[in-house]
Amino acid sequence: MKQIEDYIDRYPGKTFLFLIILSIPAFVFNLGLLPLFADEPTRSSVALEMILSKNYSVPTIAGEYYYNKPPLYNWILVVLYLFTGSYSEFITRLPAVVPMLLFAGTIYISVRYFIADKRVALMSAFFFLVNGRMLLYDSMLGHIDIFYSWLTFISFMSIFYFYQRKQWFLLFFVSYVITSLTFLSKGLPSVVFQGFTLIAFLLVTRNFKKLFSWQHILSGLICLAIIGLYFYNYSLYNPDLEGYFATIWDQSSQRTAVRTGFWSSIRHLVTFPFEHVMHMLPTSLLIIFCFHKKFLKELKANQFLFFCAVTFLANIWVYWLSPETRPRYLLMLYPLLFIIWSHAYYTYREYFPKLNRILNIILLVLGILVSLAMLAPLFVGLEPFVDYLVPKVLLVFSGAVFFTWLIYKFQRHKLVAFLGLLIVVRMAFSFFVLPHRYANNENAYFRAVSIEMAGISKGEDIYFYHFNPPVEHLPFYHRIIFYIERERGEIMHTTKDDTKPGYYLTFDRDLSNPNGVLVKSYNNNLKLFKVK
């Protein structure tokens with residue numbers, strides 16, 4: 001055990017790489033099993049229609065202009081779709097999973113460079129992969145947020161890197177180029193991150209006048225030029241830039257307190273920190289080591305830790321004041337806390353022997369409970385849903401027991417062993433939870449229905465018949481659009497005219513046209529009609 005722990009001390013980079021390699025099957029297995037849901041079909045529909053229309057400048061869904069997000073993330077999906085020739089759920093989710101692993105690597109490289117203690121780099125980087133929010137939710141979804149957060153975090157690190165060298169032009173230029181890319185991914189939040197980070201950090205370092213320097217002004221203009229070039233090209237196809245900008249603004253402001261009411265805002269203000277501490281478990285357990293009397297002094301003395309704290313505080317208040325903030329919007333800020341907490345753990349754990357002992361006991365108890373829980377799939381009726389149930393149970397049980405044994409035997413690196421245990425938890429989630437969700441998920445029904453309707457209507461036109469409320473407000477609208485278009489290989493349009501020959505998909509009503517013949521009814525009031 002001592003030799004293994006000595007190896008971890010000497011080679012934290014190799015240890016990190018080993019854990020990354022170990023985690024890849026856990027995050028990738030069954031990645032494409034569940035049908036697309038939440039925001040996934042929105043991203044995939046835009047990318048698919050770009051390919052079908054051969055117009056990569058203008059995002060559309062069902063042939064209608066889509067203004068909510070600029071298209072950079074969709075372009076990445078387009079490249080993957082064209083390169084692989086597949087529009088599968090697995091490919092759709094890769095642009096989230098690959099940046100997730102690269103994000104962890106970026107954290108490790110950054111912290112290793114700026115902090116002498118490489119154990120902090122190892123711990124904070126891997127905590128990004130195994131905090132509760134990422135471990136069991138965001139890592140399995142093809143959302144834009146991980147990619148976007150990764151770019152934003154790189155911008156944070158570039159600001160500090162060039163600040164240390166007093167290379168002011170590169171500080172502004174690199175961070176603003178990245179801001180232009182993040183803006184073309186998600187819109188106005190990028191301006192907020194860039195603006196508040198620069199203002200806060202330059203204020204506390206007494207360099208506020210640099211905001212008025214030629215380096216800053218020129219870099220800002222370059223950023224605007226990159227963004228402007230996209231919108232100029234866009235305007236050649238659709239001159240309604242006012243509608244585009246209005247929607248981008250609305251997307252950024254719709255979750256504010258103004259939209260949600262007084263009491264909802266008050267409740268959010270009170271519960272926000274506790275909610276996110278829960279999302280970051282078990283990582284957030286390390287907060288206890290931040291209560292040492294020297295913690296704040298050390299935080300101020302260490303330039304990098306101070307930068308992490310300032311950046312976090314400069315940006316978090318925006319989300320704290322926004323009642324409908326979702327945890328995935330904060331993924332670029334979580335690592336800043338992981339870095340600070342990991343540093344506090346390795347710096348002050350010897351000063352808190354009782355707390356450290358309690359934490360070690362908690363880790364061991366969790367290891368034992370997790371190991372026992374790995375046997376549960378044998379007794380909860382998963383046989384119809386999971387192939388090779390017994391071998392999979394034995395694999396994750398053996399892995400959990402092994403890492404629990406390491407937690408028990410290790411003296412200095414119990415947390416590293418615990419990271420391994422969390423990888424096993426993710427593997428068990430992929431093995432057992434995802435197949436069960438697939439078998440009991442309404443999204444599978446919508447996919448099957450969409451594929452069936454695409455098959456019935458193939459060779460003829462098919463339309464989504466407009467109704468009130470607008471068709472775009474249907475929670476399953478984008479799912480149906482994507483799967484029908486994927487199967488038919490052509491864009492499906494919406495219409496208010498039910499006289500054209502072809503098939504019509506309706507939601508809450510029959511066709512007005514008396515010549516419309518009901519072909520089939522589905523759940524959720526979906527109906528397929530045909531007009532000859």
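Not measured: the values here are computed from a predicted model.

J.: Account for the packing of aromatic side chains, naming residues and giving values.
T.: All chains considered together, the criterion is met by 53 aromatic pairs. The interplanar angle of 55 degrees and the centroid separation of 6.4 Å between the aromatic rings of Tyr 148 and Phe 193 together place this pair among those described as tilted. Placement of Tyr 148 in helix α8 (residues 145-164) and of Phe 193 in helix α10 (residues 189-204) is noted, with a sequence separation of 45 residues between them. Pair check on accessibility: Tyr 148 and Phe 193 agree, each one buried. One aromatic cluster is present, built from ring pairs that chain together Tyr 113, Phe 114, Phe 160, Tyr 161, Phe 162, Tyr 163, Trp 168, Phe 172, Phe 201, Phe 304 and Phe 307. Of note, Lys 14 hangs over the ring of Tyr 11, and the distance from its end group to the ring centre comes to 4.5 Å.

J.: How would you explain empty space enclosed by the protein if you had to name every residue and give the values?
T.: Over the atoms, a rolled probe matching the size of one water molecule traces out where space is still vacant. Enumeration over the complete set of coordinates arrives at four cavities of 30 Å³ or more. If you add up the space inside the largest cavity, you get close to 60 Å³. Along the walls of the largest cavity sit Tyr 148, Thr 152, Ser 155, Phe 156, Ile 159, Ile 178, Thr 179, Thr 182, Ser 190, Phe 193, Gln 194 and Thr 197, which together make up its complete lining. Those elements that place two or more of their residues in the lining of the largest cavity are α8, α9 (168-186) and α10. Of the residues contributing to the lining of the largest cavity, the split by class is five nonpolar, seven polar and no charged. What the second largest cavity holds in volume is close to 40 Å³. Taken together, Phe 127, Pro 282, Thr 283, Leu 285, Leu 286, Leu 359, Leu 363, Leu 415 and Phe 418 make up the full set of residues lining the second largest cavity. Elements with a contribution of two residues or more to the lining of the second largest cavity: α18 (353-373) and α20 (414-439).

J.: Residues and numbers for the side chain of Gln 194, please.
T.: Mapped onto the secondary structure, Gln 194 falls in helix α10. For Gln 194, the contacting residues outside a window of four places in its chain are Ser 155, Ile 159, Ser 175, Tyr 176 and Thr 179.

J.: Summarise the sheet that holds strand β3 (residues 462-465); cite the residues concerned and give the values.
T.: Ordered by their spatial adjacency, five strands build an open sheet running β4-β3-β5-β7-β6, and the pairing between neighbours is mixed. Sheet topology places β4 (493-495) and β6 (517-521) at the edges, where each strand pairs with a single neighbour. Ignoring strand direction, the axes of neighbouring strands in this sheet form an average angle of 35 degrees. Sheet topology note: the β3/β4 ladder contains three bridges and is parallel. Pairing of Tyr 463 across the sheet is with His 493, part of β4. Along the sheet face, helix α21 (residues 442-457) touches β3, β5 (502-506), β6 and β7 (527-531) and points at about 160 degrees away from the line of β5. Running over the sheet, helix α22 (residues 477-488) touches β3, β4 and β5 and is turned about 175 degrees from β3.

J.: Explain the pattern of salt bridges to me, and be specific about the residues and the numbers.
T.: Taken as a whole and assessed by the stated rule, the structure comprises 17 salt bridges. A salt bridge links Asp 138 to Arg 133; the shortest N-O distance between them is 2.8 Å. Neither Asp 138 nor Arg 133 differs from the other in exposure class; each is buried. Among the ionic pairs, Glu 487 bridges to Arg 486, the shortest N-O distance being 3.3 Å.

J.: Explain the state of the cysteines to me, and be specific about the residues and the numbers.
T.: By definition, a disulfide links the sulfur atoms of two cysteines through a covalent bond. Summed over the entire model, instances satisfying the criterion amount to zero disulfides. In this model Cys 308 remains outside any disulfide bridge; the closest cysteine sulfur is found in Cys 290, 12 Å from its own. Residue Cys 308 is classed as buried on the basis of its relative accessible area, which comes to 0%.

J.: Could you give an account of the packing of α18 against α20, naming the residues involved and the relevant values?
T.: Interhelical geometry of α18 versus α20 gives an angle of 25 degrees and a closest axis separation of 11 Å. Relative to α20, α18 is oriented roughly parallel. Here the hand of the crossing between α18 and α20 comes out left-handed. When α18 is examined against α20, the residues Asn 360, Leu 363, Leu 366, Gly 367 and Val 370 are found in contact with a partner set consisting of Lys 414, Leu 415, Phe 418, Leu 421 and Val 425. In the contact of α18 with α20, the residues fall into seven nonpolar, two polar and one charged.

J.: I'd like a description of the environment of Thr 404, backed by residues and values.
T.: Tracing the backbone through its elements, the reader meets Thr 404 in helix α19 (residues 389-409). In this structure Thr 404 comes out as buried when scored by relative accessible area, which is 9%. For the pair Thr 404 and Phe 291, spaced 113 residues apart in sequence, the C-alpha to C-alpha distance is 28 Å. Once residues lying within four places of it in the same chain are set aside, the contact partners of Thr 404 are Leu 364, Gly 367, Ile 368, Ser 371 and Leu 421. Separated by 3.2 Å, the side chains of Thr 404 and Ser 371 make a polar contact.

J.: I'd like a description of a nonpolar patch on the surface, backed by residues and values.
T.: A cluster of nonpolar side chains, contributed by Ile 266, Leu 269, Val 270, Trp 317, Trp 320 and Leu 321, occupies part of the molecular surface with about 520 Å² of accessible area. Among the elements of the structure, α14 (262-279) and α16 (303-320) are those that each provide at least two residues to the nonpolar patch. Looking at which element gives the most residues to the nonpolar patch, the answer is α14, with three residues. Here Trp 320 shows up in helix α16.

J.: Tell me about the layout of surface pockets, and name the residues and values.
T.: Empty space within the second largest pocket amounts to approximately 540 Å³. For the second largest pocket, the lining is made up of 21 residues, of which Ile 287, Phe 312, Leu 313, Leu 337 and Trp 341 are closest to its centre. At the level of secondary structure, the elements contributing two or more residues to the lining of the second largest pocket comprise α14, α15 (295-301), α16 and α17 (334-348). The element that contributes the greatest number of residues to the lining of the second largest pocket is α16, accounting for five residues.

J.: Tell me about the pairing of β5, and name the residues and values.
T.: Burial within β5 is extensive, with five of its five residues counted as buried. Where β3 and β5 come together, three bridges link them in parallel fashion. Pairing of Tyr 463 across the sheet is with Tyr 504, part of β5. Sheet analysis places β5 next to β7, joined by five bridges and oriented antiparallel. Following the sheet pairing, Thr 506 is matched in β7 by Lys 527.

Here is what the cut-offs are and how they apply
Residues numbered from 1 in each chain as written. Predicted model: local features only at pLDDT ≥ 70, side-chain atom pairs only at ≥ 80, totals over all residues. Heavy atoms only, no water. Phe/Tyr/Trp six-rings, centres within 6.5 Å; stacked < 30°, edge-to-face > 60°. Helix = DSSP H or I, 4+ residues; strand = E, 2+ residues; numbered from the N terminus. Buried < 20%, exposed > 50% of the residue type's maximum accessible area, 1.4 Å probe, protein only. Lys NZ or Arg CZ within 6 Å of the ring centre and 35° of its normal. 1 Å grid on protein atoms, 1.4 Å probe; cavity = no way out; pocket = protein on both sides within 12 Å on 5 of 7 lines; lining within 4 Å. Points joined across faces, edges and corners; volume = space filled by probe spheres on them. Nonpolar A, V, L, I, M, F, W, Y, C, P; charged D, E, K, R; others polar. Contact = heavy atoms within 4.5 Å. Pairing = 2+ DSSP bridges. Axes fitted to C-alpha atoms, helices over the stretch in contact; angles between N-to-C directions. Salt bridge = Lys/Arg side-chain N within 4 Å of Asp/Glu carboxyl O. Disulfide = S-S within 2.5 Å. Parallel < 35°, antiparallel > 145°, perpendicular 65-115°, else oblique. Left-handed = near helix turned anticlockwise from the far one by under 90°. Polar contact = N/O pair within 3.5 Å; in protein donor to acceptor, adjacent residues only side chain to side chain. Patch = residues over 30% accessible without salt bridge, like charges linked within 9 Å, V, L, I, M, F, W, Y side chains within 5 Å. Areas by Shrake-Rupley, 256 points an atom, 1.4 Å probe, with all protein chains shown as cover.

Keep in mind these values describe shape, not function.
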